[in-house]
Amino acid sequence: MPSNLPKISLVTLALLGAPAFAQGPTAPGAKTAYTAPRTSFGHPSFEGIWTQNFVILMESTAQAPMLVLPEAAAKQMAEAAAKGIGDSLDRGLDPEVPELMKAADGLPIVRGERRTRSVVLPADGKLPYTPAARKESQRGSPSVMAENIEERPNWERCITSLGLPPVTGMGTTSANPRQFIQTPGQVVIHTEYGDEARIIPLTDTHKPKALHSVLGDSIARWEGETLVVETIGLPANDRVRFFSNLVVGADSRVTERFTRVAENELLYQYTVEDPSIYTAPWLAEYSLYKTSQ
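Remember, predicted model here, so these are calculated numbers, not experimental data. (Residues numbered from 1 in each chain as written. Predicted model: local features only at pLDDT ≥ 70, side-chain atom pairs only at ≥ 80, totals over all residues. Heavy atoms only, no water.)

### Here we look at helix 4 (residues 131-139)
Two residues of an α-helix separated by three or four positions point the same way, owing to the 3.6 residues in each turn. Within the sequence span of helix 4, burial applies to Ala133, Glu136 and Ser137. Angularly, the buried residues of helix 4 cover 100° about the axis, an arc narrow enough to put them on a single face. Those residues of helix 4 that are exposed and aimed more than 90 degrees away from the buried face are Pro131, Ala132, Lys135, Gln138 and Arg139. (Buried < 20%, exposed > 50% of the residue type's maximum accessible area, 1.4 Å probe, protein only. Helix = DSSP H or I, 4+ residues; strand = E, 2+ residues; numbered from the N terminus. Arc of directions from axis to C-beta.)

The structure is reproduced here in structure tokens:
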């Protein structure tokens, strides 16, 4: 997301009751006493449509270094962030997106907490980029003039969209609902925005490189209540993601974790492993919510 958001002073947040800092999770697994319903073949059931309608920022900001905010402070931050994102997109993109941002339901709610960002590890909320990768993320996705159309980003050419893992999230309910369909040997994640379907086998072996798709090659396994999806072979043309500036290289390994932590809440956690981009492990998360639409 754009970094030039309207500033919210720490003094204002403190007056609204915000804690100075809040601790995030200490391990990648979701801790929950909830047990998901089972499919007819015994797997935890995620079947149905899940979505979110929040303003989701990737990293902590100087104005809000804490992970969790109380409702009043969260409302103020969400309004400022939505305006900043909307103004930025309005200058260079379809003006429909800024209008949709105004209809978002504030900052993300994860297990009952209003979150200021997606990154929970490291504790400071900053992605552990190498210096070069940090500069690359700040430049944003390369949408400059190019002599060859194939040099332009895949998202710009509508070859990939918001189903490309990891899904960093964006505001508005209409933007990116995800439907889960499960069979004994596969999980399908269908993303509405871009109309992308990831057909993910439950296996421990990736396909040969020649068979990788523009969404990479994903395989899945169950770890208790959590569906773990590992993806390699992601497209080089989508190295810098449009809606978050997250850097994900062609040699990166993406791990996503889906855990149903309540009847209507599906926790989505993700990380990217690539020593040429990141100097340490990291973890980001947000929740999706069950919908009938």
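After presenting the structure, the write-up continues.
### Structural notes on the pattern of salt bridges
Scanning all chains against the criterion turns up 14 salt bridges. Of the charged contacts in the structure, one is a salt bridge between Lys207 and Asp217, with a shortest N-O distance of 3.4 Å. In this pair, Lys207 is assigned in the loop between strand 8 (196-201) and strand 9 (217-223) and Asp217 in strand 9, connecting sequence segments ten residues apart. Using a relative accessible area of 2% as the deciding quantity, one classes Asp217 as buried. (Salt bridge = Lys/Arg side-chain N within 4 Å of Asp/Glu carboxyl O.)

### Here we look at empty space enclosed by the protein
Under the definition given, this model contains two cavities of 30 Å³ or more. Lining the second largest cavity are Gly163, Val167, Arg178, Ile189, Arg198, Glu256, Phe258 and Tyr268. Residues belonging to the lining of the second largest cavity are distributed by class as follows: four nonpolar, one polar and three charged. (1 Å grid on protein atoms, 1.4 Å probe; cavity = no way out; pocket = protein on both sides within 12 Å on 5 of 7 lines; lining within 4 Å. Points joined across faces, edges and corners; volume = space filled by probe spheres on them. Nonpolar A, V, L, I, M, F, W, Y, C, P; charged D, E, K, R; others polar.)

### A few points about unusual backbone geometry
Negative phi values dominate among residues other than glycine, just as trans dominates among peptide bonds. The peptide bond linking Leu121 to Pro122 adopts the cis configuration, its omega dihedral lying at 5°. The residue Pro122 is located in the loop between strand 5 (119-121) and helix 4 in this model. Here the bond from Pro165 into Pro166 is cis, since omega is -5°, no more than 30 degrees from zero. Here Pro166 is to be found in the loop between helix 4 and strand 6 (178-182).

### Observations regarding the pairing of strand 10 (residues 226-232)
One face of the sheet, then the other: side chains in a regular strand alternate in exactly this way. Counting buried positions along strand 10 gives seven out of seven residues, so the element sits mostly inside the fold. Every second residue of strand 10 is oriented toward a common face, with Thr226, Val228, Glu230 and Ile232 on one face and Leu227, Val229 and Thr231 on the other, all of them buried. Here seven bridges tie strand 9 to strand 10, and the two strands are oriented antiparallel to one another. Looking at the pairing, Ile219 lines up with Glu230 of strand 10. Adjacent in sequence and paired antiparallel, strand 9 and strand 10 are bridged by two residues, among which Gly224 carries a positive phi angle near 65°. Summarising the sheet, strand 10 and strand 11 (residues 253-262) pair through six bridges and their orientation is antiparallel. If you follow Val228 over to strand 11, its bridge partner there is Arg257. (Pairing = 2+ DSSP bridges.)

### Brief notes about the environment of Val261
Structurally, Val261 is set in strand 11. Owing to a relative accessible area of 10%, Val261 belongs among the buried residues under this scheme. Here the alpha-carbon distance between Val261 and Ala36, two residues 225 residues apart in the chain, equals 7.6 Å.

### What to know about the sheet that holds strand 3 (residues 109-110)
An order of 2-4-3 is seen for the three strands of this open sheet, with the pairing classed as antiparallel. Single-partner strands in this sheet number two, and they are strand 2 (68-69) and strand 3. Sheet analysis places strand 3 next to strand 4 (residues 113-115), joined by two bridges and oriented antiparallel. Bridge pairing in strand 4 places Ile109 opposite Arg114.

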